[in-house]
Amino acid sequence: MTPDAPTPMAEPDGAIVTVGLGKSYGGRGPRARTPVRALHDLSITVRRGEIFGFLGPNGAGKSTMIRILLGFLHASAGSARVLGLDVVTDGLAIRAQVGYLPGGIAFYDSMTGEAVLDYLARLHGAGAPLRDELVERLELSRADLRRLVRDYSRGMRQKVGIVQAMQHDPQLLVLDEPTEGLDPLMQRAFYELLEERRRAGRTIFFSSHILSEVERVCDRVAIIRHGELVALSDIGELLARRRRHVEARLAGPAPVLDGVAGVSRVVVADGVLRCDLEGDVGPFLAAIGGASITDLTIEPARLEEAFLEYYDGDVGQGRP
Amino acid sequence: MNRALFGRTLAANRVRMLACALGLLVWGAILPVMYATFGKDVAALMGTNPLFEQFSRFGGGDLFSLHGAIALGFIHPFTLLLMGIMAIGFPAIAIAGERQRGTLEVILARPISRRAMYATVYVAGLLFLGVLLAILLGANVVSATVMGVGDELALDRVPVLWLSGWLLFVAFLSVGFAASVSFDRMPPALGVPLVFLLVNYLADAIGSLWPDASWLRDWSMFHLVKAQKVLDGGVAFSDVAVLAAIGAAAVVYALVVFPKRDLAAPS
């Protein structure tokens, strides 16, 4: 973990609690290679009733973490609890209370959407109390559901994937890149569904590399890099710590900003002052108080900038 | 066992099962017809050339008797092909195929243990093989009766032959499932048990046709089911026990390995 990353205290009642979680591949057996470290010392707590964003580029370890929580992978180090249950010994009890949407979900092409949903509900054994509402909200018509899955577009498959994950009203939703393939209207409908589930007391663990949606729907976010946690924070706190871009149109001499807390990269040219501003805006406002300014723009920080700061130079390189 | 998965497995394999059942039904009916029509002529030919006699003994069957004809059909490559679809192909599809397609994780995200999933599809496999062999032997019996040679058949031995043959293919099924839980992709899950089956079959076939290589048959699982001897009244319980042991060992392997495997995201 980098110095910026918090060392979270495990909250025993959290929906998801991981302590020192690690996963390496390929270091054992007769054809052992140099181990590939997919996760390292990952400690996070997802509180009950929150929407938690899990951010990182492809290959950062997001899916590895999810697959450990669901029992598909076995951790090489550390421990994880979901809804108070141990992922190693209580896998069945955990999965009975979880709804999971895998990234790039696959179905049986020879079945209709309706048959897939019925089958998966029967496998779960908990019924499908939310199915009708979800189908309506995601605009899946009866005719759509009676078509074979092989004839579905990517967006249609994703909608069916969302319904199968949520139809049994699980306590915890684990969603891996949930809006892939959804058009903007459906994305909005999906965000509303998440919000309603949260209001109903459900927890949502949301992995994504689409920063705008995480910023929009999540209460807290963890940023993972090369399998390590680099930030865990409220979205608001994360953004508040980020640099904002300031542009002031001057009608007179530029104010002196040297040494003002939070201000950096000051440039004055053609009657326009530009700088970056971090943290509390008070010292900056005090410093420009006497200046003659005709226009002032403070561009709000975006999660993308916060994210890129953690990933400076790495994004897009696909490092595991 | 999971009822929903069991029902889905039966439904998903109905076309495959129907095709195999039809093939075995026709094949099972043909051999008694061949025996009733040509059996005596073929027997007369045997004395004319030693090669004929050697080739007539392929796989422990012949066309000189009804039991021999049924045994010949039991071990014939056509039977092997149709039974192999369910004994080798089905296990590969049922786990490694689901894994490759990405649907395994959709199933296992439900409250179903890997062992329960394995047990469910394994029991479906046992059922498929039992039904197919019953159809083959049933067709033998009906055809022999229709052709007027039914009185030559020891009917009370047919269930024993069914059990022996079922154990043979269950052993291959178990090996197929052991491979299926061990690989993430279909080709090795299909290829390894297929090679295992073919090596066993070739050892038995070569050993039965070439006297100097008859020792090869001792290493073939097919040699553990001596269909004609079973119908004639003899059964070696040690052979049955060996088949059961091979199947059991493969089941134990799968039950240990499958839950311990890492199921990484499908690529």
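Residues numbered from 1 in each chain as written. Chains lettered and ligands numbered in written order. Predicted model: local features only at pLDDT ≥ 70, side-chain atom pairs only at ≥ 80, totals over all residues.

S.K.: Help me understand the interface of chain A and chain B, please; the structure alone is not making it clear to me.
M.R.: By convention, interface size is frequently given as the accessible area that disappears when the constituent parts associate. Contacts between chain A and chain B engage 21 residues on the former and 20 residues on the latter. Elements with a contribution of two residues or more to the side of chain A that touches chain B: helix H1 (62–69), helix H2 (91–95) and helix H3 (113–124) of chain A. The dominant element in the side of chain A that touches chain B, judged by the number of residues it contributes, is H3(A), at five residues. By residue class, the composition of the side of chain A that touches chain B is 14 nonpolar, four polar and three charged. (Contact = placed C-beta atoms within 7 Å. Helix = DSSP H or I, 4+ residues; strand = E, 2+ residues; numbered from the N terminus. Nonpolar A, V, L, I, M, F, W, Y, C, P; charged D, E, K, R; others polar.)

S.K.: Before we go on, may I ask you to explain the sheet that holds strand E14 (residues 293–299) of chain A in this structure?
M.R.: Sheet strands pair via backbone hydrogen bonds, and the direction of the pair is either parallel or antiparallel. All names here are of chain A. Ordered by their spatial adjacency, four strands build an open sheet running E12-E13-E11-E14, and the pairing between neighbours is antiparallel. Looking at the sheet topology across the chains shown, the edges are occupied by strand E12 (263–269) and E14. Across the sheet, the mean angle from the axis of one strand to that of its neighbour is 15 degrees, orientation sign disregarded. Where strand E11 (residues 244–250) and E14 come together, six bridges link them in antiparallel fashion. When the sheet's bridge partners are listed, Leu 250 is paired in E14 with Ile 293. (Pairing = 2+ DSSP bridges. Axes fitted to C-alpha atoms, helices over the stretch in contact; angles between N-to-C directions.)

S.K.: Please explain the nonpolar core as it appears in this structure.
M.R.: Within soluble globular proteins, side chains that are nonpolar generally end up buried alongside one another. Residues A:Leu69, A:Val174, A:Phe205, A:Ala222, B:Leu129 and B:Leu132 are the most contacted members of the largest nonpolar core, which totals 143 residues. B:Leu129 has contacts with B:Met83, B:Met86, B:Ala87, B:Trp166, B:Phe169, B:Val170 and B:Leu173, leaving out every residue within four places of it along the chain. Membership of the second largest hydrophobic core comes to eight residues, among which are A:Val246, A:Ala248, A:Val263 and A:Cys275. (Core = buried A, V, L, I, M, F, W, Y, C linked by C-beta atoms within 7 Å. Buried ≥ 20, exposed ≤ 12 C-beta atoms within 10 Å, placed from the backbone.)

S.K.: Please explain the sheet that holds strand E4 (residues 77–82) of chain A as it appears in this structure.
M.R.: Residue and element names in this part refer to chain A. One open sheet accounts for four strands, arranged E2-E1-E4-E5; its pairing is antiparallel. Every interior strand has two partners, whereas the edge strands, strand E2 (36–46) and strand E5 (85–86), have only one. Bridge count for E4 against E5 is two bridges, and the pairing is antiparallel. The partner of Val 82 across the bridge, within E5, is Leu 85.

S.K.: Before we go on, may I ask you to explain the pairing of E2(A) in this structure?
M.R.: A regular strand places its side chains on the two faces of the sheet in alternate fashion. Residues and elements named next belong to chain A. Burial within E2 is extensive, with eight of its 11 residues counted as buried. Here seven bridges tie strand E1 (residues 16–25) to E2, and the two strands are oriented antiparallel to one another. In the sheet register, Ile 16 faces E2, and the bridge partner there is Val 46.

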